[in-house]
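# Summary of the model geometry
The chain contents come next:
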Amino acid sequence: MRRQQLDIQLKTPEQIDKMRAAGLVVAAALERMRAAVAPGVTTADLDAIAESVIREAGAVPSFKGYHGFPASICSSVNEQVVHAIPSPQQVLRDGDLISIDCGAVLDGWHGDAAITVGVGEVRPELLRMAEVAEDAMWAGIAAAARGAASGKGRLTDISYAVECAVRKGGRYGIVDGYGGHGIGTEMHQDPHVLNHGRPGRGPRLVSGMALAIEPMITMGSPRTVELSDGWTVITRDRSIAVHVEHSMALLDDGVWVLTAPDGGRARLGDLVSARQPAGSQQA
């Protein structure tokens, strides 16, 4: 079942169950990598961990081979915003900030999430920026849940909530051009979800919609440059950037954060659906 104009794939509850299973694989891989982040570890080491966790779960890394991408994660360090390719030459150092983006496909359905992790002793202002991005992501998810529940929510209500949370948190750049997306039988689907904008625009937020919400913010300019490898995106002014992401689905009675082990309950409370998709875990 698809909405007209934008090709938005609406999922049944049974399909959301399958997306939840894929999301939990991604969550497990990210937690293993979070625990492994330390000075001296390479981004290639983290990539190997992700691929091992994903394949042991019977899933496939959704990034590997995607338009020729050569790895199972994107590992973006410091001024790298997104899509950085893991490398044995990229050695993490004390004080670095790394954003790890990971995806898996299980039984034909995708999960996609990202975390930002400090390496060793990190400057407090950088950790604060990561916290602001995290809060903004949850604000966007909450706006989606409330909008669907009211029957009046529109896609850009999410964008507006993310932007407001970032602006409230401090003077950060909201990265131009990049944002979240629909997710389901493909990793990237309609609609594109910007991290800024006026509310009340775009398609209605309805049950069955699954979206990846992913703020990307910087300590400086929001403008970016793509490097010659055709993938790595860095800040134009070389300021530090962070990126976080969760995949979520709207159900008749609330939202499920498919890539959060508790389904989002710790951050969203009663906005989370009472329905328990297969394989989910309570906090």
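Residues numbered from 1 in each chain as written. Predicted model: local features only at pLDDT ≥ 70, side-chain atom pairs only at ≥ 80, totals over all residues. Heavy atoms only, no water.

As a further point, take the state of the cysteines. Counted by the stated rule, this structure contains 0 disulfides. No disulfide involves Cys74; its nearest neighbouring cysteine sulfur is the one of Cys102, lying 9.3 Å away. (Disulfide = S-S within 2.5 Å.)

In the numbering used here, UniProt assigns the "domain: Peptidase M24" (unreviewed entry) feature to residues 17–248. Annotation note: span residues 17–248, helix share 33%, strand share 26%, distance between end C-alpha atoms 12 Å. (UniProt positions renumbered as here; feature names shortened; annotations may be inferred. Helix = DSSP H or I, 4+ residues; strand = E, 2+ residues; numbered from the N terminus.)

UniProt's entry tags Asp101, Asp112 and Glu245 with the feature "binding site: a divalent metal cation 1" (unreviewed entry), counted in the numbering of this structure. Despite a sequence span of 145 residues, these residues sit close together in the fold, their greatest C-alpha distance being 7.9 Å. Tracing the sequence through the fold places Asp101 in strand β6 (residues 97–106). Judged by its relative accessible area of 8%, Asp101 falls in the buried class. Once residues lying within four places of it in the same chain are set aside, the contact partners of Asp101 are Phe63, Ile73, Cys74, Asp112, Ala113, Ala114, Glu214, His243 and Glu245. Inspection of the secondary structure puts Glu245 in the loop between β15 (241–243) and β16 (246–251). (Buried < 20%, exposed > 50% of the residue type's maximum accessible area, 1.4 Å probe, protein only. Contact = heavy atoms within 4.5 Å.)

Summed over all chains, the structure comprises 1 aromatic pair. Their ring planes at 80 degrees and their centres at 5.0 Å tell us that Phe69 and Trp231 sit as a pair that is edge-to-face. Of the two residues, Phe69 is situated in the loop between β3 (60–61) and β4 (73–77) and Trp231 in the loop between β13 (224–226) and β14 (233–235); the sequence distance between them amounts to 162 residues. (Phe/Tyr/Trp six-rings, centres within 6.5 Å; stacked < 30°, edge-to-face > 60°.)

Another aspect to go through is the pairing of β16. Taking burial as the measure, the 6 residues of β16 include 6 buried ones, the bulk of the element. Because side chains alternate across β16, one face comprises the buried residues His246, Met248 and Leu250, and the other comprises Ser247, Ala249 and Leu251, equally buried. Note: strand β11 (residues 210–213) against β16, 4 bridges, orientation antiparallel. Across the sheet, Leu211 pairs through a bridge with Met248, a residue of β16. (Pairing = 2+ DSSP bridges.)

Two numbers describe a pair of packed helices, the interaxial angle and the distance between the axes. Where helix α1 (residues 13–36) contacts helix α2 (residues 43–56), the two axes come as close as 9 Å, and the packing angle between them is 150 degrees. α2 is crossed by α1, and the crossing has right-handed handedness. In this structure, α1 contributes Val25, Ala28, Ala29, Arg32, Met33 and Ala36 to the contact, and α2 contributes Leu46, Ile49, Ala50, Val53 and Ile54. When its residues are assigned to classes, the contact of α1 with α2 shows 10 nonpolar, no polar and 1 charged. (Axes fitted to C-alpha atoms, helices over the stretch in contact; angles between N-to-C directions. Left-handed = near helix turned anticlockwise from the far one by under 90°. Nonpolar A, V, L, I, M, F, W, Y, C, P; charged D, E, K, R; others polar.)

With 48 residues, the main nonpolar core has Ile141, Ile158, Leu211, Ile213, Ile217, Met248 and Leu268 as its most contacted residues. Among the elements of the structure, α1, α3 (124–150), α4 (155–169), β11, β16 and β17 (254–257) are those that each provide at least two residues to this core. Take this core: its biggest share by element is 12 residues, from α3. Filtering out sequence-adjacent residues up to four positions away, Ile217 remains in contact with Met129, Val132, Ala133, Val166, Tyr172, Gly173, Ile174, Val175, Ile240, Ala241 and Val242. Judged by nonpolar contacts, the second largest core, of 25 residues, contains Val26, Leu46, Ala59 and Ile98. (Core = buried A, V, L, I, M, F, W, Y, C linked by side-chain atoms within 4.5 Å.)

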